[in-house]
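Structure at a glance
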Amino acid sequence: MTDELFVVEDLTVTLPTSRGPVDVVKDVSFTVGRDDTLGIVGESGSGKSMTALAVLGLLPPGARTSGSVRLDGRELLGQSEGELRSVRGNAISMVFQDPLSSLNPYYTVGLQIEEGYRAHRGGSKRAARQVAIEAMERVRIPDAARRVDDYPHQFSGGQRQRIMIAMALCCSPSLLIADEPTTALDVTVQAQILELLAELQTQTGTGLIFITHDLAVISSIARRVLVMCAGDPVEYGTAEQVFSDPRHEYTRTLLDAVPRIDDEVML
Ligand SMILES: Nc1ncnc2c1ncn2[C@@H]1O[C@H](COP(=O)(O)OP(=O)(O)OP(=O)(O)O)[C@@H](O)[C@H]1O
Ligand SMILES: [Mg+2]
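All of these numbers come straight from a predicted model, not from anything done at the bench. (Residues numbered from 1 in each chain as written. Chains lettered and ligands numbered in written order. Predicted model: local features only at pLDDT ≥ 70, side-chain atom pairs only at ≥ 80, totals over all residues. Heavy atoms only, no water.)

Notes on the overall build of the protein chain
- Helix and strand counts for the protein chain stand at 11 helices and 10 strands.
- The C-alpha radius of gyration of the protein chain comes to 19 Å, within 12% of the 18 Å expected for a compact globule of 267 residues.
- In the protein chain, which comprises 267 residues, the proportion classed as buried is 49%.
- A separation of at least 24 residues holds for 67% of the contacts in the protein chain among residues at least 6 apart in sequence.
- For the protein chain, the accessible surface area stands at approximately 13,100 Å², while carbon and sulfur atoms represent 50% of it.
- Charged side chains of the protein chain number 25 positive and 36 negative; the gap between the two group centres comes to 8 Å. (Helix = DSSP H or I, 4+ residues; strand = E, 2+ residues; numbered from the N terminus. Rg over C-alpha atoms; globule rule 2.2 N^0.38 Å. Buried < 20%, exposed > 50% of the residue type's maximum accessible area, 1.4 Å probe, protein only. Contact = heavy atoms within 4.5 Å. Areas by Shrake-Rupley, 256 points an atom, 1.4 Å probe, with all protein chains shown as cover. Lys, Arg positive; Asp, Glu negative; His and termini not counted. Charge placed at Lys NZ, Arg CZ, Asp CG, Glu CD.)

Now the structure itself:
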């Protein structure tokens, strides 16, 4: 056991391209404690998702990695697919950007939560169904006991994202990675999902990595922030430090793009 729940050291991800191998993540290091939130921010293509996928061993074929990724002191980088399968959705869970592409339209949401749970925890169908209903209640789906038998298209976008979060949390992960979980949602629903994530995190003590291209979103949720630019970690520090005293020009550019309350209104 280490003090820090999750430690990434000098993670480099190299992808094969038509122009030869390209480092899309370069020497990235960060830590996430228990009940801690790290925000990873950067523009499109900066390597945020590749960082998350490397952690879970879900990189595209031909990808190479170096460095170290440790959960509770256990090295994950370079582990076999079998070992990683037992970690994914269990000790580390991920919520993706688009819940419609992650939920199977042909199965009820209850069945999908139950299957995820039973894959790791086993137990009877009946017990798993109870877990699914409780998980849906936890993310505040009204009338969960009845709606557990509904199909994904019968829920709103925000509700589907809540269901993804329910699914990710049902095995009580130590670490939850949320990759742009709110970008497909309107601003009000975004705020509700962020609030829910923060609340669930406090209840469960789960470490959270929150990925976004939007610094404004990070500022409301993260304790520490990693800024990425073209695969490089250009800035890493407490949210307070990064927001009040950005060291890097790129972070300043991102900050300038965040509308401020005292901005002049252009009519
Ligand atoms: N399957 C792939 N093969 C080769 N290169 C890829 C592949 N997927 C992504 N890339 C490249 O890897 C780099 C990092 O991509 P990544 O998906 O991590 O960006 P991101 O920061 O998550 O962006 P976004 O905000 O758009 O989700 C990009 O330059 C992208 O073009
Ligand atoms: Mg991405």
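Brief notes about the sheet that holds strand E7 (residues 175–179)
- Read from one edge of the open sheet, six strands run E6-E7-E8-E3-E9-E10, paired in mixed fashion. Taken across any chain shown, the strands that pair with only one partner, and hence form the sheet edges, are strand E6 (92–95) and strand E10 (232–238). Across the sheet, the mean angle separating the axes of adjacent strands is 15 degrees when strand polarity is ignored.
- Taken together, the four bridges between strand E3 (residues 37–41) and strand E9 (residues 224–229) define a ladder with parallel strand orientation. Of the residues in E9, the one forming a bridge with Ile 40 is Leu 226.
- Helix-sheet contacts for helix H11 (residues 249–256) involve E3, E9 and E10, and the interaxial angle to E9 is about 105 degrees. (Pairing = 2+ DSSP bridges. Axes fitted to C-alpha atoms, helices over the stretch in contact; angles between N-to-C directions.)

Let's talk about the packing of aromatic side chains
- According to the stated counting rule, one finds one aromatic pair in the structure shown.
- Relative to Phe 30, the ring of Phe 6 lies with its centre 6.2 Å away and its plane at 45 degrees, an arrangement referred to as tilted. Placement of the pair is Phe 6 in strand E1 (residues 6–17) and Phe 30 in strand E2 (residues 20–32), with a sequence separation of 24 residues.
- Looking at Phe 6, the relative accessible area reads 0%, which means it is buried.
- With relative accessibility at 3%, the residue Phe 30 sits in the buried group. (Phe/Tyr/Trp six-rings, centres within 6.5 Å; stacked < 30°, edge-to-face > 60°.)

Describing the side chain of Thr 37
- Considering the arrangement of structural elements, one finds Thr 37 in strand E3.
- Judged by its relative accessible area of 4%, Thr 37 is buried.
- Filtering out sequence-adjacent residues up to four positions away, Thr 37 remains in contact with Gln 201, Leu 208, Ile 221, Ala 222, Arg 223 and Arg 224.

Considering the sheet that holds E2
- The four strands lie next to each other as E2-E1-E4-E5, forming an open sheet whose pairing is antiparallel. The sheet is open, and its two borders are formed by E2 and strand E5 (74–75), each paired with just one other strand.
- Pairing of E1 with E2 involves nine bridges; the strand directions are antiparallel. Note that in E2 the partner of Thr 17 across the bridge is Gly 20.

As for the site of ligand 1
- Lining the immediate surroundings of ligand 1 are Leu 15, Val 24, Glu 43, Ser 44, Gly 45, Ser 46, Gly 47, Lys 48, Ser 49, Met 50, Pro 60 and Glu 180.
- Note that an oxygen atom of ligand 1 is positioned 2.9 Å from one of the side-chain N or O atoms of Ser 49.
- At 2.9 Å from an oxygen atom of ligand 1 is found a main-chain nitrogen or oxygen belonging to Met 50.
- Notes on ligand 1: free accessible area 640 Å², of which the protein chains cover 61%.
- If you tally residues by element for the shell around ligand 1, the top one is helix H1 (residues 48–56), at three residues.
- Residues belonging to the shell around ligand 1 are distributed by class as follows: four nonpolar, five polar and three charged. (Near = heavy atom within 4 Å. Polar contact = N/O pair within 3.5 Å; in protein donor to acceptor, adjacent residues only side chain to side chain. Nonpolar A, V, L, I, M, F, W, Y, C, P; charged D, E, K, R; others polar.)

Concerning the side chain of Asp 36
- In this structure, Asp 36 sits in the loop between E2 and E3.
- Looking at Asp 36, the relative accessible area reads 2%, which means it is buried.
- Side-chain polar atoms of Asp 36 contact the backbone nitrogen of Gly 33, separated by 2.9 Å.
- Beyond its immediate stretch of four places on either side in the chain, Asp 36 contacts Thr 31, Gln 201, Thr 206, Gly 207, Leu 208, Arg 223 and Arg 224.

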